[in-house]
Amino acid sequence: MKQFSSLLYKEEDLALCLEEAKKIAASMAHISDLLVTLFASELAVNTMADFERATRKIFPHAKVVGLAAECGFANGKMWSGAENHSDAASAVVTFTFFSSSRVIPLAFDGNSDAASAGRGLIKTIAQEKATAAVGLFLAAQIPGITGLLDILSDTREDIVFFGGLLSEQTDGKRIMIDLSGHRMSRGFLALLFVGEELHAKALPSFGWRPFGPEVQVTRMADERTIIELDEKPASEFFSHYLGIRHGWESLESVETFPMHLRRNGATLARRLTGIETNGCVHISADLQEGERLRIASGDPIAIISEAQRTHAELCDFSPEAVFIVNCMGHYVMLQQNNLYEYAAISRTVPTHGFYSFAEFFRSKGQVMKTNLTMLSVGFREGGPQEPPVYKPVSPQFGDQTSIIAHLVHFVDAMTKEWEAAHSKLVVLAERDALTGLLNRRAMERSFKDILHDALSSGLPLAVMMLDMDDFKGINDTFGHAMGDEALVALADILTSSVRSVDIVCRWGGDEFFVILTRADREAAERVVKRIHESASSLSLLMPDNRKVGLSIGVTLSRPHDTPESVFQRADEALYTSKRTSGKNLVTFR
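Residues numbered from 1 in each chain as written. Predicted model: local features only at pLDDT ≥ 70, side-chain atom pairs only at ≥ 80, totals over all residues. Heavy atoms only, no water.

Looking at empty space enclosed by the protein
In step 1: Evaluated as defined, the whole model comprises 1 cavity of 30 Å³ or more.
In step 2: There is about 170 Å³ of room inside the largest cavity.
In step 3: Within the residue set of the lining of the largest cavity, elements represented by two or more residues are β2 (33–40), β6 (91–98), β12 (188–194) and β22 (321–327).
In step 4: Take the lining of the largest cavity: its biggest share by element is 3 residues, from β2.
In step 5: The residue inventory of the lining of the largest cavity, partitioned by class, reads 11 nonpolar, 4 polar and no charged. (1 Å grid on protein atoms, 1.4 Å probe; cavity = no way out; pocket = protein on both sides within 12 Å on 5 of 7 lines; lining within 4 Å. Points joined across faces, edges and corners; volume = space filled by probe spheres on them. Helix = DSSP H or I, 4+ residues; strand = E, 2+ residues; numbered from the N terminus. Nonpolar A, V, L, I, M, F, W, Y, C, P; charged D, E, K, R; others polar.)

Observations concerning the packing of helix α11 (residues 471–478) against helix α12 (residues 480–497)
In step 1: With their axes 6 Å apart at the nearest point, α11 and α12 run at an angle of 140° to one another. One way to sum up the angle between α11 and α12 is to call them oblique. The residues of α12 that touch α11, namely those facing F471, I474, N475 and F478, are H480, M482, G483 and L487.
In step 2: Each residue belonging to the contact of α11 with α12 can be placed in one class, and the counts come to 5 nonpolar, 3 polar and no charged. (Axes fitted to C-alpha atoms, helices over the stretch in contact; angles between N-to-C directions. Parallel < 35°, antiparallel > 145°, perpendicular 65-115°, else oblique. Contact = heavy atoms within 4.5 Å.)

Concerning the side chain of T94
In step 1: Positionally, T94 belongs in strand β6.
In step 2: Look at T94 and you get buried, because its relative accessible area is 1%.
In step 3: Here the side chain of T94 touches H352 through a polar contact of 3.1 Å, side chain to side chain.
In step 4: When neighbours within four sequence positions are excluded, T94 is seen to be in contact with Q3, F4, S5, L35, V36, T37 and H352. (Buried < 20%, exposed > 50% of the residue type's maximum accessible area, 1.4 Å probe, protein only. Polar contact = N/O pair within 3.5 Å; in protein donor to acceptor, adjacent residues only side chain to side chain.)

Remarks on the environment of S235
In step 1: Summarising the element assignment, S235 is placed in helix α5 (residues 234–242).
In step 2: Placed 46 residues apart in sequence, S235 and V281 show a C-alpha to C-alpha distance of 6.1 Å.

Focus: the pairing of strand β18 (residues 266–270)
In step 1: In terms of residue burial, β18 counts as a mostly covered element, since 4 of its 5 residues are buried.
In step 2: With 5 bridges connecting them, strand β17 (residues 259–263) and β18 associate as antiparallel partners. When the sheet's bridge partners are listed, M259 is paired in β18 with R270.
In step 3: From the end of β17 to the start of β18, which pair antiparallel, there are 2 residues, and N264 there has a positive phi angle of about 55°. (Pairing = 2+ DSSP bridges.)

With respect to the nonpolar core
In step 1: In this structure, F95, F162 and F193 are the most contacted members of the largest nonpolar core, which totals 85 residues.
In step 2: Dropping the residues within four chain positions of it, F162 is found in contact with A133, V134, G135, L136, F137, F193, F323, F360, L375, V377 and F379.
In step 3: If you look at the next biggest cluster of nonpolar residues, it comprises 60 residues, including I104, I151, C327 and F360. (Core = buried A, V, L, I, M, F, W, Y, C linked by side-chain atoms within 4.5 Å.)

A closer look at the layout of surface pockets
In step 1: The calculated volume of the second largest pocket comes to roughly 340 Å³.
In step 2: Taken together, 16 residues form the lining of the second largest pocket, with L8, E11, L14, L38 and T47 sitting closest to its centre.
In step 3: Those elements giving two or more residues to the lining of the second largest pocket turn out to be β2 and α2 (45–58).
In step 4: Among the elements that line the lining of the second largest pocket, the one with the most residues is α2, at 4 residues.

Digging into the packing of helix α10 (residues 440–457) against helix α14 (residues 563–579)
In step 1: Running from amino to carboxyl end, α10 crosses α14 at an angle of 110°, the nearest separation of the two axes being 10 Å. Overall, the two elements α10 and α14 adopt an arrangement that is roughly perpendicular. Touching M443, E444, F447, K448 and L451 of α10 are P563, V566 and F567, all from α14.
In step 2: For the contact of α10 with α14, the class distribution of residues is 6 nonpolar, no polar and 2 charged.

Quick look at the packing of aromatic side chains
In step 1: Applying the stated criterion to the full structure yields 28 aromatic pairs.
In step 2: Note on F193 and F379: the rings are 4.9 Å apart at their centroids and 40° apart in plane angle, and the pair reads as tilted. On the criterion of sequence distance, the pair formed by F193 in strand β12 and F379 in strand β26 (residues 374–381) is long-range, its members being 186 residues apart.
In step 3: Here F193 falls in the buried class, since its relative accessible area comes to 6%.
In step 4: With relative accessibility at 4%, the residue F379 sits in the buried group.
In step 5: Members of the aromatic cluster, joined through ring pairs, are F39, W79, F98, F137, F162, F193, F323, F354 and F379.
In step 6: Lying over the aromatic face of F317, R380 brings its terminal NZ or CZ to 4.4 Å of the ring centre. (Phe/Tyr/Trp six-rings, centres within 6.5 Å; stacked < 30°, edge-to-face > 60°. Lys NZ or Arg CZ within 6 Å of the ring centre and 35° of its normal.)

Let's talk about helix α1 (residues 12–26)
In step 1: Given a rise of 1.5 Å per residue, 15 residues ought to cover 21 Å, and the 22 Å separating the end C-alpha atoms of α1 matches this to within 8%.
In step 2: Contact partners of the buried residues in α1: β1 (2–8), α2 and β6. (Expected span 1.5 Å × (residues − 1).)

Some points on the pattern of salt bridges
If charged atoms from side chains of opposite charge come close, those side chains can pair.
In step 1: In the structure shown here, the tally under the stated rule is 28 salt bridges.
In step 2: We note a salt bridge from D502 to R499, for which the minimum N-O separation is 2.7 Å.
In step 3: Judged by relative accessible area, which is 9%, D502 ranks as buried.
In step 4: A relative accessible area of 39% places R499 in the partly exposed class.
In step 5: Across the salt bridge formed by E572 and R589, the nearest N and O atoms sit 3.3 Å from each other. In this pair, E572 sits in helix α14 while R589 sits in the segment after β32 (586–588), placing the two residues 17 residues apart along the sequence.
In step 6: A residue is classified by how much of its surface remains accessible, and E572, at 30% relative accessible area, is partly exposed.
In step 7: R589 sits in the partly exposed class, given a relative accessible area of 37%. (Salt bridge = Lys/Arg side-chain N within 4 Å of Asp/Glu carboxyl O.)

A short note on the sheet that holds β12
In step 1: If you trace the 6 strands from one edge of the open sheet to the other, you get β7-β12-β8-β9-β24-β25, paired in mixed fashion. What marks the edges here is a single partner per strand, and that holds for β7 (102–108) and β25 (366–370). Between one strand and the next, the sheet's axes are offset by a mean angle of 20°, whatever the strand orientation.
In step 2: Taken together, the 6 bridges between strand β8 (residues 131–138) and strand β9 (residues 160–165) define a ladder with parallel strand orientation. Each residue of the ladder has a partner; that of L136, found in β9, is G163.
In step 3: Contacting β7, β8, β9 and β12, helix α3 (residues 114–127) runs over the sheet at an angle of about 15° to β12.
In step 4: Of the strands in this sheet, β8, β9, β12, β24 (359–363) and β25 touch helix α4 (residues 145–152), which is tilted by about 150° from β25.

These figures come from the coordinates and say nothing about function on their own.
Next up, the structure:
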């Protein structure tokens, strides 16, 4: 496998790069397929036709693809169609020669809905058993993109997915994708990389630092419209922390302050795209109720450092070619320093890529959309060779960028100090000082969500309320110090008798409350038996070795339960156990 990129500054450069590609082809013992990609800000019909004709004259079986993007890079240099980049190339051509693999380009022009296109694509993937990677290039935003990605997630988990959004808005007059003369202004292009010996690895790089408090998405109007955060109008959060409000003509100034979240083991980001008078906030990609968000800020040093760490890791994969999808937000944040993100990898492995308006990648089987992320994809045919030597490049920042970096570092340090102090306050507010267990207030807050999840999923849930029999007698006879020691010992017994997913709290005095998740009556009975058996050791603490009994009340969740109804049944069951002669009993209700 070999990859060669050539930046185009003038028309004559195309002929020169074709001659260089001929030399590379001649140096290879066998060529199984050739992918030729042209990235440019505009795909003029005549230009693409001439380009394809010239390419096929030398490589008649090449897969020729044209993609329109705002700007990109190859060989460690920029290309751009913008007037303020007059010294940059206007386009780039990349030749990727395969020795034993194939590339299957598939165009979906947007005439059918995204779900139908997705089902057609996974049908082809299923037929091509040796599919190693799939590249997705969307002309612009399309309805149903989340559903499309969910459908694509229903493929072999080892298949690498990567790609990006070429434009943020659909322009019916602008050609965004050209596949062998099939020109599209909407829809998407899929590139299937197929081969038994083909290997691919994709690594995301973010670099934005989260700061400030974490908030929960408590209400959504649709997947891209937030109504409430922490049960308050969503706009209040952004007005308070970023000073933005409805009526701003543009949100570009805060695009580098995305919402940061974790999903499927990966970091995702969402940009603000609009604020309504009713307090609703529009975002760039899907969110789900219950997810937790934080604002993140761009740090030029952190962005470049994380990019270089990611590329050092990718080099351990021994790639023969690297393709990068990088968010326009990186370009805006780094400005003249953007080349430092990929300068070192470009010197190490043939590398090219483009700047996108959204990125697509896979984590733990799920194909997802994100923003402000750089996605680097390495390709290799055959087994790993000696990894290339990766040498990071030290960036030289201007005064303005350095000031931003220092300011973000200061905010990050303050945030960490605030988080440490906040964590201590949370412990004090939510933990019982004597036993270290959750206190009643924290448990009641958690139980509301736990019960809701159990009822929604139809999974069983058991709770128990218990206390020591004649605890007052222990305090009166041996003093409160002995009573405290017995409570701590009982807390340890309860904690060791349940699973890590269960919750034990001190309800108050000598009463304890235990939540057993995914537990039916049989499971609850086993836990009760373990607790009673372990509780026999409490007598060893008593100076007179008196027997210390436990009265326990247990109830199982029922349809239409509320936290109050569960607490009431558990309390009634405990009362029944205590008033029974002999005590040290368990009652189910």
